[in-house]
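For reference, the chains in residue letters:
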Amino acid sequence: MLEKIAKILTRKPRLSALIALLLLIPAGIGFIATRVNYDILTYLPQDLESSKGEQLLEEPFQMAATSMLVIEDMPAAWSNDLLNEIKEVPGVSNALWLSNLIGVQLPIDMIPAEFRDIFFSSQGSTMMIIQYDKAGASDETMNAIAQIRSLCNEKCFLAGFSVVIKDTRDLVDKELPIFVSLAVGLAIAAMALTMEETVLPLVLMANIGVAVLYNFGSNIVLGQISYITQAIAAVLQLGVTMDYSVFLYRRYEEERGNYEDHRDAMAQAVMAAFRSLFGSSLTTVAGFLALCAMRLTLGRDIGIVMAKGVVLGVLTVILVLPSFILICDAHLSRLKHRTIIPSFDGVNRFIIKHRVVFLVLAILLFFPAYYAEKHVTMYYKLDESLPRDMPSIIANEKLKDEFDMATSHFVLLRDDISATDMNEMESRINELDGVTGLLSYHSMLGQGIPDFFIPDDAKKMLKQGGYQLMMVNSSYDTASDEVSEQLKKMIAIVKEYDPNAMVTGEAAMTDDLIATTAVDFVTTNYISIAAIFTIIMIVFRSVTVPMALVAMIELAIFINQGVPYFTGSEVAFVAPTVISCVQLGATVDYAILMTSRFQEELRAGHDRKEAAQLAASSSDASIITSALVMFVATLGVSLVTSIDLIGAICVMLARGAIISAIVSIFFMPAVLCILEPVFSRTTLNWKPHQDNGGSGLTPAAAAQLKV
């Protein structure tokens, strides 16, 4: 079957290329139609109380998205007119200010102190509360925020988590084309420096571009993807799957000398490449799919998109790239130049000669690397990764400085709790450290306002569907130890009066995010190690070989993740979880490549020293090319992006590729040479006779390699 497909593809390359390009049309439609989610908190498990509370805020309260509008030095009448205009904006469900509570004629000094403290600052600013019909990251809410801003002047500052999401979306949309263009340009430059063929990088990049567009177009079946996935998926797919294209071309070069017709050589190369790339891609796919075990479903989002990207990368190499190469064949073979990759023969001789020293050094590096990796400081406050000059960040800082309101908690309770219990509960909450204000239906009645005087807008905001809502303002920052302790005490208090009460809001959901990702990191790490260990064990029919290979790449991962500890920098919470799976799955192939070649040289009759040196010398160029492409593609994004969350992931990916390459080049030859007797005793058919080629990992079984 594969042979027939290869024959068809190679006999009509222009038709194959045309079909591949026509398929970009539905892929483009799917890409445009796929929604991008900019709210990371929506990926929390839905069985958490903070998530359930958020669902109640959305329905029946229509308050899942709430903004605060700070207005400076404007007359009350102007603010009241603005309030009425905001209430007419499509997507706004309600807007609350003192004018629709007690009117605008009442002097500020006569306003009850609790209301005055909530709606007015000591600097003279005032604040409105704005609710939206839809969730915080919905298109309707984003459009409403844009329209509200158009109604405001330079003395208005719109704050809140939904506004941060809006600014994040605008920033990503602006920077994404720059990300991709820079990654493509740098990857082409890296390949141009490491490959002899002048035109080949352009052909390979065209093929990867097709695979990336197919991947993004097929995301329509997921309904939506996160903005983090959108930002990194293209460059990550480029870096991870470029090796597959190189492998096919190199195999085609080898086969051309065996056939008069280049099309027959390509057909043979396609069949060989499919067998090889199928095995090679398994470890990478396993690393990405391990992310699906995260309870934070952002991991599943990234994992599925990237695993799908790897599979589509393999398919385009087999089904599309042959036609591109055959069409450009004349130019590929004619235009060549020198490469910059030096010979590593001398280095490899030195490593083998001092192999014990290198092995001991690798073992010793584990201890500081592991310690540093475990003691890296992480941040969970999502807006910390954003530029400080963004309008929403400026507004949030103003809300904090002028109203002592760093975050707001939303408490959902039964609406039939007695007035006595409500008085007692609200008093206890107000006494908590860091609580700066409290607004509820009961607190309004407590100011002597009769029930029939309370406006419908306030009733709609604070009482719906058998629940009542309490807004508690806090001076503590989201994701801080202080707000976490405050939440624990607040939850304990409200549960005494209503065991089914729920506390939600950005701070509560971020607190759950911290607890969830702490478990996720351990779970995904173990799953990725177990999955990749199993794949290598099956490939090599050995228990000790995967132990050595995984240990070497884990060393590289520990070093990579431990760097921020030594530099004194903080890391975005999601970065280590993603890196531990991706770096292992994507770069363990460096070690597999060298080990497979080492086994081939042993079977060819070389002793272990010669075999290790030959394996290293033949693998180093491929490892360097692969790592360099990954490095420049991801590093380029980190240099351009203004969003530290994206930049941190890309920096770690770039650094991880280089560290894995260094570990593979400098430590793997020593490990292979020293541990060869152990491998020989614990591996099935480690060194079979050459005439028994079907019983072990044959040379064709570079099948599990990336080159």
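Residues numbered from 1 in each chain as written. Predicted model: local features only at pLDDT ≥ 70, side-chain atom pairs only at ≥ 80, totals over all residues. Heavy atoms only, no water.

Student: I'm lost on the overall build of the chain in this one. Help?
Tutor: Helix and strand counts for the chain stand at 27 helices and 13 strands. Looking at the chain as a whole, 58% of its 707 residues are labelled buried. Restricting to contacts in the chain with at least 6 residues of sequence separation, those with at least 24 account for 81%. For the chain, the exposed area adds up to about 27,600 Å²; of that, 59% sits on carbon and sulfur atoms. Across the chain, the centroid of the 51 positively charged side chains sits 13 Å from that of the 74 negatively charged ones. (Helix = DSSP H or I, 4+ residues; strand = E, 2+ residues; numbered from the N terminus. Buried < 20%, exposed > 50% of the residue type's maximum accessible area, 1.4 Å probe, protein only. Contact = heavy atoms within 4.5 Å. Areas by Shrake-Rupley, 256 points an atom, 1.4 Å probe, with all protein chains shown as cover. Lys, Arg positive; Asp, Glu negative; His and termini not counted. Charge placed at Lys NZ, Arg CZ, Asp CG, Glu CD.)

Student: Please explain the packing of aromatic side chains as it appears in this structure.
Tutor: Think of a pair of aromatic rings as described by two things: how far the centres are apart, and how the planes are tilted against each other in angle. Summed over all chains, the structure comprises 13 aromatic pairs. Ring centres 6.2 Å apart and planes at 75° place the aromatic pair Phe366 and Phe558 in the edge-to-face group. With a gap of 192 residues between them, Phe366 in helix 16 (residues 355-374) and Phe558 in helix 23 (residues 544-567) connect regions that are remote in the sequence. Using a relative accessible area of 23% as the deciding quantity, one classes Phe366 as partly exposed. Taken together, a centroid distance of 5.4 Å and an interplanar angle of 80° make the contact between Tyr565 and Phe566 edge-to-face. Looking at Tyr565, the relative accessible area reads 33%, which means it is partly exposed. Clustering of aromatic rings is evident, with ring pairs tying together Phe350, Phe358 and Phe667. Directly above the aromatic system of Phe157 lies the positively charged group of Lys398, at a separation of 4.6 Å from the ring centroid. (Phe/Tyr/Trp six-rings, centres within 6.5 Å; stacked < 30°, edge-to-face > 60°. Lys NZ or Arg CZ within 6 Å of the ring centre and 35° of its normal.)

Student: For this particular structure, what's the right way to read helix 2 (residues 13-22)?
Tutor: Helical periodicity: at 3.6 residues per turn, an α-helix aligns residues three or four positions apart in one direction. Buried within helix 2 we find Pro13, Ser16, Ala17 and Ala20. Considered in projection along helix 2, the buried side chains sweep an arc of 95° and stay on one side of the axis. (Arc of directions from axis to C-beta.)

Student: Please explain helix 21 (residues 481-497) as it appears in this structure.
Tutor: Given a rise of 1.5 Å per residue, 17 residues ought to cover 24 Å, and the 25 Å separating the end C-alpha atoms of helix 21 matches this to within 8%. Among the structural elements, strand 8 (407-414), helix 18 (419-430), strand 9 (435-440), strand 11 (467-474), strand 12 (502-504) and helix 22 (506-540) are those in contact with the buried residues of helix 21. (Expected span 1.5 Å × (residues − 1).)

Student: Sorry, what's going on with the confidence of the model for the chain here?
Tutor: Close inspection of predicted coordinates is inappropriate for parts of the model with low pLDDT. Taken residue by residue, the chain gives an average pLDDT of 87. The fraction at 70 or more is 92%. Mean pLDDT across the secondary structure elements of the chain bottoms out at helix 6 (residues 113-119), with 69, and peaks at helix 3 (residues 24-33), with 96. Confidence over residues 690-707 falls short of pLDDT 50; this stretch has 51 contacts with residues more than four positions distant or in other chains. (pLDDT = per-residue confidence, 0-100.)

Student: How should the pattern of salt bridges be read in this particular structure?
Tutor: Proximity of charged atoms lets side chains of opposite charge pair with each other. In total, this model carries 22 salt bridges according to the counting rule given. In this structure, Arg169 engages Asp139 in a salt bridge whose closest nitrogen and oxygen atoms are separated by 3.1 Å. A residue pair is termed long-range when its members are at least 10 positions apart, and Arg169 in helix 8 (residues 161-194) and Asp139 in helix 7 (residues 139-151) qualify at 30 residues. In this structure, Glu601 and Arg597 form a salt bridge, with 2.9 Å as the shortest nitrogen-oxygen distance. In this pair, Glu601 and Arg597 both sit in helix 24 (residues 574-603), four residues apart, roughly one turn of the helix. Judged by its relative accessible area of 32%, Arg597 is partly exposed. Salt bridges here are not isolated pairs; linked through shared partners, they connect Lys7, Arg11 and Asp264. (Salt bridge = Lys/Arg side-chain N within 4 Å of Asp/Glu carboxyl O.)

Student: Any chance you could explain the pairing of strand 2 (residues 66-71) here in plain terms?
Tutor: Residues in a regular strand project their side chains so that they alternate between the two faces of the sheet. Extensive coverage of strand 2 is indicated by the burial of six of its six residues. Neither face of strand 2 is left uncovered, since the one carrying Thr66, Met68 and Val70 and the one carrying Ser67, Leu69 and Ile71 both have all their residues buried. The pairing of strand 2 with strand 4 (residues 126-132) spans six bridges and is antiparallel. Residue pairing for strand 4: Met68 is matched across the bridge by Ile129. Judged from the four bridges that link them, strand 2 and strand 5 (residues 156-159) form a sheet pairing that is antiparallel. (Pairing = 2+ DSSP bridges.)

Student: Would you mind showing me how to read the sheet that holds strand 5 here?
Tutor: Whether parallel or antiparallel, the strands of a sheet pair through hydrogen bonds between backbone atoms. In spatial order, the strands read 3-4-2-5; together these four strands make up an open sheet with antiparallel pairing. At either margin of the open sheet sits one strand with a lone partner, and together these are strand 3 (92-96) and strand 5. Taken pair by pair, the neighbouring strands of this sheet meet at an average axis angle of 20°, ignoring direction. (Axes fitted to C-alpha atoms, helices over the stretch in contact; angles between N-to-C directions.)

Student: Is there a simple way to explain the environment of Leu319 in this structure?
Tutor: With respect to the secondary-structure elements, Leu319 resides in helix 12 (residues 298-319). What makes Leu319 partly exposed here is its relative accessible area of 35%. Apart from residues no more than four positions distant in its own chain, Leu319 is found in contact with Ile5 and Leu9.

Student: Please clarify how the packing of helix 7 against helix 8 should be interpreted in this entry.
Tutor: Two numbers describe a pair of packed helices, the interaxial angle and the distance between the axes. Remark: helix 7 packs on helix 8, axes separated minimally by 10 Å, with the N-to-C direction vectors making an angle of 95°. One finds that helix 7 runs roughly perpendicular with respect to helix 8. Where helix 7 approaches helix 8, its residues Asp139, Thr141, Met142, Asn143, Ile145, Ala146 and Arg149 are matched on the opposing element by Ser162, Val163, Ile165, Lys166, Asp167 and Arg169. Considered class by class, the residues forming the contact of helix 7 with helix 8 number five nonpolar, three polar and five charged. (Parallel < 35°, antiparallel > 145°, perpendicular 65-115°, else oblique. Nonpolar A, V, L, I, M, F, W, Y, C, P; charged D, E, K, R; others polar.)

Student: It is not clear to me how a nonpolar patch on the surface should be interpreted in this structure. Could you clarify?
Tutor: Where nonpolar side chains cluster on the molecular surface, the patch consists of Leu15, Leu18, Ile19, Leu22, Leu23, Ile25 and Ile29 and spans about 670 Å² of accessible area. For the nonpolar patch, the secondary-structure elements that each account for two or more residues are helix 2 and helix 3. The leading source of residues in the nonpolar patch is helix 2, at four residues. With respect to the helices and strands, the residue Leu23 is situated in the loop between helix 2 and helix 3. Looking at Leu23, the relative accessible area reads 44%, which means it is partly exposed. (Patch = residues over 30% accessible without salt bridge, like charges linked within 9 Å, V, L, I, M, F, W, Y side chains within 5 Å.)

Student: Help me understand the packing of helix 10 (residues 227-256) against helix 26 (residues 644-666), please; the structure alone is not making it clear to me.
Tutor: Running from N to C, helix 10 and helix 26 cross one another at 30°; their axes reach a closest spacing of 10 Å. By the angle between their directions, the pair helix 10 and helix 26 is classed as roughly parallel. For the pair helix 10 and helix 26, the sense of crossing is right-handed. Contacts between helix 10 and helix 26 pair Tyr227, Ile228, Ala231, Ile232 and Leu236 from the former with Leu645, Ile646, Ile649, Cys650 and Leu653 from the latter. (Left-handed = near helix turned anticlockwise from the far one by under 90°.)

Student: Looking at this model, I keep getting lost on the environment of Ile340. Mind explaining?
Tutor: Residue placement: Ile340 occurs in the loop between helix 14 (329-334) and helix 15 (345-353). Between the C-alpha atom of Ile340 and that of Met195, which follows or precedes it by 145 residues, the distance is 8.6 Å.

Student: What's the story with unusual backbone geometry in this structure? I'm lost.
Tutor: Outside of glycine, negative phi angles account for most residues, and trans bonds account for most peptide bonds. Residues other than glycine seldom take positive phi values, yet Asp404 does so here, at roughly 50°. On the secondary structure map, Asp404 appears in the loop between helix 17 (391-403) and strand 8. The class of Asp404 is partly exposed, set by a relative accessible area of 38%. Of note in this structure, Arg541 is not a glycine but carries a positive phi near 55°.

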